[in-house]
Amino acid sequence: MVDISTPKEFLEEALLAVDTLKADKTAQTENQVRLKEAERALNTLKKTIEKEKADTIKARRGDIESEYAKQLKASESNIQKAESERTKARTKGVNERITEALTPAKSEIKDLKEQIATVVNAAGLPAFCRTKAFYSLFMAKGIKEIVGLVVLFVAVLVALPLLITYFIKLPWLKIVIFILIDVLAVVIYILIYSGTVAKKQDAVNQCRLIVDRIKADEKAIKQITKNIKGDKDDSTYNLGTFDEEIAKRTTIRDDITQKRQQALSEFDYRTADTIKAEIDSRYAGKLAETQEAFNQLSDSGKALADKVTAEEMDISRFTQYVGVKNLNHENLQKMLDLVTAGEAESVSDAALKINSKQ
């Protein structure tokens, strides 16, 4: 470290210190730029590695799930097919059982209808006297038939006239037509009643009894059908073969489900780690190289920062003699030139002269 008493050497040392500091600051800036680039490269590489791990694991796991999904779908289809075949066989068995159980009742109904036809023909009654509707209208018995008859009367004597006269504008004409329809309906009903029930009472009563027996048989048929369809005991339908096939296919499906779970667990807890290790191994060299480049630039940056700090502290010793505004390469060189040429006797003299010229 030179003394102020030797102006030339002092200024040369100051000039060297200023130039060195400037060069080191430039180097520090350039290092910071390269360090950021190296950091981006390192982070990008790390993200690339992690993304490749995630994508590979997702794809491999998806392959496992897809393969087992196909097997399970096929297995479920086989189960549904077996269950469908069992349902068809059971339905066939139920229908055959119903047919067998209803044969006596249906046969009796057929005979009873023939008896009604015989009585009607023998008594000279109209053909409609063979129908159940006739006896519900003209010889109603029981709550159901009576309520039905009342509803029919309301429909014919009230609803029908109202519907027919709806678009008629004249009130008196509406009333006349309304009354005519009701009178006509009542007359028709009385004529049919007097010509059948009143005139051939014995034959009609006999047919009524037969109709009651037919209704009882039809009610019995509905009950038998309901009981057979509601019977949960399938032992009479010989469905054992179908049940065995369903159980077999269900076992296959459950086995596939278990294997799927085992395969996924094996992948999650072992294979996935192996895949990660393989990818890490493949990128190990490049990652180490990139990390080393970053570390070197980081170390260089720290060294330059320390050096610049030390140089800034050291260069402050020149400030008191040359002034802050002169502590640059251009002014120091001018001061050095003045001292070298003998135009200035000291550092302060040189500083004063260059400042007076500015």
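Our subject is the structure that appears above.
**With respect to the overall build of the chain**
Part 1 of the reasoning: Secondary structure summary: the chain contains eight helices and zero strands in total.
Part 2 of the reasoning: The order of helices and strands in the chain, counted from the N terminus, is α-α-α-α-α-α-α-α.
Part 3 of the reasoning: At 57 Å, the chain has a C-alpha radius of gyration far larger than the 21 Å of a compact globule built from 358 residues.
Part 4 of the reasoning: Based on the C-alpha atoms only, the size of the chain along its principal axes is roughly 165 × 75 × 25 Å.
Part 5 of the reasoning: Partitioning the intrachain contacts of the chain with sequence separation of at least 6 by distance along the chain shows that 78% fall at a separation of at least 24.
Part 6 of the reasoning: When the accessible surface of the chain is split by element, carbon and sulfur atoms take 58% of a total near 23400 Å².
Part 7 of the reasoning: On the chain, the mean spot of the 56 positive side-chain charges and the mean spot of the 54 negative ones are 16 Å from each other.

**Notes on a nonpolar patch on the surface**
Part 1 of the reasoning: A cluster of nonpolar side chains, I146, V150, V154, V158 and L162, forms an exposed patch at the surface whose accessible area comes to about 410 Å².
Part 2 of the reasoning: With respect to the helices and strands, V154 occurs in helix 3 (residues 142-164).

**Quick look at the nonpolar core**
Part 1 of the reasoning: In terms of nonpolar packing, the biggest core is built from 27 residues, with I116, L125, F134, Y135 and V204 touching the most fellow members.
Part 2 of the reasoning: At the level of secondary structure, the elements contributing two or more residues to this core comprise helix 1 (7-123), helix 2 (132-138) and helix 5 (201-230).
Part 3 of the reasoning: Per-element tally for this core: the top contributor is helix 1, with 10 residues.
Part 4 of the reasoning: Discounting residues that sit within four places of it in the chain, Y135 has contacts with C129, A140, E145, V204, C207, R208 and V211.

**Regarding the packing of aromatic side chains**
Part 1 of the reasoning: What the rule picks out here adds up to eight aromatic pairs.
Part 2 of the reasoning: Here the aromatic rings of F10 and Y321 are separated by 5.4 Å at their centres, their planes lie at 85 degrees, and the arrangement is edge-to-face. In this pair, F10 is assigned in helix 1 and Y321 in helix 6 (residues 240-322), connecting sequence segments 311 residues apart.
Part 3 of the reasoning: When its relative accessible area of 3% is taken as the criterion, F10 is described as buried.

**Comments concerning the packing of helix 1 against helix 7 (residues 329-340)**
Part 1 of the reasoning: Relative to each other, helix 1 and helix 7 sit at 160 degrees, their axes nearing to 9 Å. Classified by the angle their axes make, helix 1 and helix 7 are roughly antiparallel. Every pair of crossing elements has a handedness; the one defined by helix 1 and helix 7 is left-handed. Residues P7, K8, L11, E12, A14, L15, V18 and D19 of helix 1 pack against H329, L332, Q333, M335, L336, V339 and T340 of helix 7.
Part 2 of the reasoning: Here the contact of helix 1 with helix 7 is composed, by residue class, of nine nonpolar, three polar and three charged.

**What to know about the state of the cysteines**
Part 1 of the reasoning: According to the stated counting rule, one finds zero disulfides in the structure shown.
Part 2 of the reasoning: Looking at the unpaired C207, the closest cysteine sulfur is the one in C129, lying at 7.4 Å.
Part 3 of the reasoning: The class for C207 is buried, based on a relative accessible area of 0%.

**A short note on the pattern of salt bridges**
In a structure, side chains of opposite charge can pair up when their charged atoms sit close to one another.
Part 1 of the reasoning: Summed over the entire model, instances satisfying the criterion amount to 28 salt bridges.
Part 2 of the reasoning: A salt bridge links K51 to D55; its shortest N-O distance comes to 2.7 Å. Taken together, the residues K51 and D55, both in helix 1 and four residues apart, mark about one turn of the helix.
Part 3 of the reasoning: Residue K51 is classed as exposed on the basis of its relative accessible area, which comes to 53%.
Part 4 of the reasoning: Judged by relative accessible area, D55 falls into the partly exposed class, the value being 39%.
Part 5 of the reasoning: With its nearest N and O atoms 3.4 Å apart, the salt bridge here joins R213 to E108. Taken together, the residues R213 in helix 5 and E108 in helix 1 connect sequence positions 105 residues apart.
Part 6 of the reasoning: Connected via shared salt-bridge partners are K141, E145, R208, D212 and K215.

Rules and cut-offs
- All residue numbers refer to position in the chain's written sequence, counted from 1.
- Residue-level local features of this predicted model are given only where pLDDT is at least 70; pairs of side-chain atoms are given and counted only at 80 or more, and the full residue set underlies all totals for whole chains, interfaces and linings.
- To obtain the side-chain values, all non-hydrogen atoms of the structure were used and water was disregarded.
- Runs of H or I in DSSP of at least four residues are treated as helices and runs of E of at least two as strands, each being numbered from the N terminus.
- In this treatment the radius of gyration is a C-alpha quantity, and the globule benchmark scales as 2.2 Å times the residue count to the 0.38 power.
- When checking whether two residues touch, look at their non-hydrogen atoms; a contact exists if any pair is within 4.5 Å.
- Surface exposure here means Shrake-Rupley accessible area, sampled with a 1.4 Å probe, where a residue is shielded only by the protein chains that are shown.
- Counting rule for charge: Lys and Arg are taken as positive, Asp and Glu as negative, and neither His nor the chain ends is counted.
- A charged residue contributes its charge at one atom only: NZ of Lys, CZ of Arg, CG of Asp or CD of Glu.
- Candidate patch residues must exceed 30% relative accessible area and have no salt bridge, after which like charges are joined if within 9 Å and Val, Leu, Ile, Met, Phe, Trp or Tyr side chains if within 5 Å.
- For this analysis, a salt bridge means a side-chain nitrogen from Lys or Arg found within 4 Å of a carboxyl oxygen belonging to Asp or Glu.
- Nonpolar cores were defined as sets of buried Ala, Val, Leu, Ile, Met, Phe, Trp, Tyr and Cys residues, with membership established by side-chain atoms within 4.5 Å.
- The rule is simple: take the accessible area with a 1.4 Å probe, protein chains only, and divide by the maximum for that residue type; under 20% is buried, over 50% is exposed, in between is partly exposed.
- Side-chain rings of Phe, Tyr and Trp (the six-membered ring for Trp) are treated as a pair once their centres are within 6.5 Å; stacked means planes under 30 degrees apart, edge-to-face means over 60, and tilted covers the remaining angles.
- Convention adopted: a line fitted to C-alpha atoms gives each axis, helices being fitted over their contacting stretch, and angles between N-to-C directions are expressed from 0 to 180 degrees.
- Angle categories are assigned with fixed cut-offs, so that under 35 degrees is roughly parallel, over 145 is roughly antiparallel, 65 to 115 is roughly perpendicular, and the rest are oblique.
- The hand of a helix crossing depends on one turn: near helix anticlockwise from the far one by less than a right angle means left-handed, and clockwise means right-handed.
- All residues other than Ala, Val, Leu, Ile, Met, Phe, Trp, Tyr, Cys, Pro, Asp, Glu, Lys and Arg, Gly among them, are scored as polar; the first ten of these are nonpolar and the last four charged.
- A pair of sulfur atoms, both from cysteines and within 2.5 Å, is called a disulfide here.

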